[in-house]
Amino acid sequence: MVKPRVFSGIQPSGELHLGNFYGAIQNWVSMQDRFDCVYCIVDYHAVTSRTGRESDKFQDPAHESISAMSVQMAGDLIACGIDPQRSILFCQSDVPEHTELAWIFSCVASHGDLARMTQFKEKASRNDYVSVGLFTYPVLQAADILLYRAAKVPVGADQIQHLELARRIGRRFNTLVGEDYFPDVEAELTDGNRIMSLADPSQKMSKSLGDKHYVGLMEEPEAIWGKFRAAVTDSGQEVGEQMSAGVANLFELLTLTGTPQKAIHVFMAQHAAGNIRYGDLKKSVHENIIRVLSPIRDRRSKMSDDTISDILAEGAVRASEIAQETMAVVRDHVGVRPPRIS
Ligand code: TRP
């Protein structure tokens, strides 16, 4: 039986954190059993975040190169359980058909639709320089997905609008060529588990908030403990009062790490009775997180950059095969002949 194809992409933004892990990556890992998965490190998307200020440089000493960050991201994903044997794991810039199809799609998408993208509006309002690439970012994203004719795309809720656009572009293309070539794109929400920042539990865990807000998957256990010890809870609650966001976040982590229900119930009962010691709760969360993260750290430490690069090269070969097939059909439909040189 042919398994339906899944595609998803992640920007090479540096080390993964617990929010990424429980909000997305764990889903990516488990989908490998049921689907034909294609996972892409979208390095060309990352270029948009290096040209948002007048003062930006593509490369500066404060940042690792996009390539180095892509290799790091690939290593982290493999350590988390993305299996390059079963799934295709590759880097977007290794398969030039992504940008090629993005151009065709930029002639298919409507300017009005792009102008409505809330992520664009939000980023544009924060940037002091707004590139055309930031504006057409969702067009490249649509190309990523449709190049593999993927039907299912695991993403966070903030990407739903981009996926609706991808669906519109696919349909519009189909209308333009008079054939149902691209399938309808469907989002599969992965961030049912929203991990909040430890230092400000009203916000989603994110690296951009600063170091004390997130827990990196590869951090040393002592460093992780430091962050949990300082995590915001509350100053004791009245019996029967609703649980504060910080404490709820700690309980959520206990559940996600597979802590035995019995142990969780003990803390729950103490919380309800108003005599819980948050220090003990944090210790338990820390222990359980370390239990989950240790094997990931071990796997990661055994991978060299060269090994990871070889895996990405193999992924690119497999991705290229599908991408070239799609691009040949698209060129033909558009009326552009195959390249005269290859
Ligand atoms: N825009 C996505 C994000 O920020 C990343 C992305 C790029 C993506 N291309 C994709 C996600 C294709 C899913 C499918 O998370």
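### Re the domain arrangement of the protein chain
Thought 1: According to the domain assignment, the protein chain consists of domain 1 (5–194 + 304–334) and domain 2 (207–299).
Thought 2: Here the C-alpha centroids of domain 1 and domain 2 sit 32 Å apart.
Thought 3: Each side of the interface is counted separately: domain 1 has 14 residues, and domain 2 has 18 residues.
Thought 4: Regarding the contact of domain 1 and domain 2, the summed buried area is about 1400 Å², with carbon and sulfur atoms giving 64% of it.
Thought 5: On the domain 1 side of the interface with domain 2, the three residues burying the most area are Glu15, Leu18 and Tyr22, jointly 44% of the side's total.
Thought 6: One can count 0 salt bridges joining domain 1 with domain 2.
Thought 7: Summed over the shared surface of domain 1 and domain 2, the result is 6 residue pairs in polar contact (both at pLDDT 80 or more).

### Focus on the pairing of strand S5 (residues 186–189)
Thought 1: Bridge count for strand S4 (residues 152–155) against S5 is 4 bridges, and the pairing is parallel. What sits directly across from lysine 152, in S5, is glutamate 186.
Thought 2: Tracing the backbone out of S4, into helix H8 (residues 160–177) and back to the parallel element S5 gives a crossover that is right-handed.

### Structural notes on the pattern of salt bridges
Thought 1: Counted by the stated rule, this structure contains 17 salt bridges.
Thought 2: When the shortest N-O distance is used, the salt bridge between glutamate 219 and lysine 227 registers 2.9 Å.
Thought 3: Where arginine 277 meets aspartate 280, a salt bridge forms, and the shortest distance between an N and an O atom there is 3.4 Å.
Thought 4: A single salt-bridge network, built from bridges that share partners, covers Asp33, Asp83 and Arg86.

### Quick word on the nonpolar core
Thought 1: Leu18, Leu77, Leu89, Phe228 and Leu281 are the most contacted members of the largest nonpolar core, which totals 51 residues.
Thought 2: Both domains that furnish three or more residues to this core are identified here as domain 1 (5–194 + 304–334) and domain 2 (207–299).
Thought 3: Filtering out sequence-adjacent residues up to four positions away, phenylalanine 228 remains in contact with Leu18, Leu198, Val215, Leu250, Leu253, Lys282, Val285, His286 and Ile289.

### Topic: the site of the ligand
Thought 1: Taken together, Phe7, Ser8, Gly9, Val42, His45, Tyr137, Gln141, Asp144, Ile145, Val153, Val155 and Gln159 make up the full set of residues near the ligand.
Thought 2: Between the ligand and the protein, one listed contact pairs a nitrogen atom with a side-chain N or O atom of glutamine 141 at 3.0 Å.
Thought 3: In the environment of the ligand, a nitrogen atom lies 2.7 Å from a nitrogen or oxygen atom belonging to the side chain of aspartate 144.
Thought 4: Across the complex, the protein chains shield 86% of the 370 Å² of accessible surface that the ligand would expose by itself.
Thought 5: Ranked by residue count, the leading element in the shell around the ligand is helix H7 (residues 132–147), at 4 residues.

### Observations concerning the packing of aromatic side chains
Thought 1: One pass over the full model with this rule turns up 9 aromatic pairs.
Thought 2: Residues phenylalanine 105 and phenylalanine 182 carry aromatic rings whose centres are separated by 5.7 Å and whose planes lie at 75 degrees to one another, so their mutual orientation is edge-to-face. Placement of phenylalanine 105 in helix H4 (residues 97–106) and of phenylalanine 182 in the loop between H8 and S5 is noted, with a sequence separation of 77 residues between them. Grouping residues by exposure puts phenylalanine 105 and phenylalanine 182 together as buried.
Thought 3: Relative to phenylalanine 182, the ring of phenylalanine 173 has its centre 5.1 Å away and its plane inclined at 65 degrees; by these criteria the two rings are edge-to-face.
Thought 4: What links up through ring pairs into an aromatic cluster is the set Phe105, Phe173, Tyr181 and Phe182.
Thought 5: Its guanidinium or amino end placed over the ring of tyrosine 137, lysine 123 lies 5.2 Å from that ring's centre, counting from NZ or CZ.

Rules behind the numbers
- Counting restarts for each chain, with residues numbered from 1 along the sequence as it is written.
- Only residues with pLDDT of 70 or above have their local features reported here, since the model is predicted, and side-chain atom pairs are shown and tallied only from 80 upward, although totals for entire chains, interfaces and linings are computed over all residues.
- To obtain the side-chain values, all non-hydrogen atoms of the structure were used and water was disregarded.
- In this document the domain limits rely on a domain assignment from an automatic tool or a database.
- Contacts between residues were defined by any pair of non-hydrogen atoms, one from each residue, lying within 4.5 Å.
- The term buried area denotes the loss of accessible surface (1.4 Å probe radius) that occurs when two parts are joined, taken as the sum for both partners.
- Think of a salt bridge as a Lys or Arg side-chain nitrogen and an Asp or Glu carboxyl oxygen that are within 4 Å of each other.
- Polar contact is the term for a pair of N or O atoms within 3.5 Å; when the atoms are in protein, one must be able to donate a hydrogen and the other to accept it, and sequence-neighboring residues count only if both atoms are side-chain atoms.
- If DSSP finds at least two bridges between two strands, the strands pair.
- The numbering of helices and of strands both runs from the N terminus, where a helix is a DSSP run of H or I of at least 4 residues and a strand a run of E of at least 2.
- Whether a crossover is right-handed comes down to one check: with the strands pointing away from the viewer, does the path from the first strand over the helix to the second run clockwise; if it does, it is right-handed.
- Throughout, nonpolar core names a set of buried Ala, Val, Leu, Ile, Met, Phe, Trp, Tyr and Cys residues whose side chains join them through atoms within 4.5 Å.
- For every residue, the accessible area obtained with a 1.4 Å probe (protein chains only) is divided by the maximum for its type, and the residue is called buried under 20%, exposed over 50%, and partly exposed between those limits.
- One heavy atom within 4 Å of a molecule or strand makes the whole residue count as near it.
- Per-residue and other accessible areas were derived by the Shrake-Rupley procedure at a 1.4 Å probe size, with only the shown protein chains allowed to occlude residues.
- Two rings belonging to Phe, Tyr or Trp (six-membered ring only in the last case) form a pair when the distance between their centres is within 6.5 Å. Interplanar angles under 30 degrees mark stacking, angles over 60 mark edge-to-face geometry, and anything in between is tilted.
- Whether a charge sits over a ring depends on NZ of Lys or CZ of Arg being within 6 Å of the ring centre and within 35 degrees of the ring normal.

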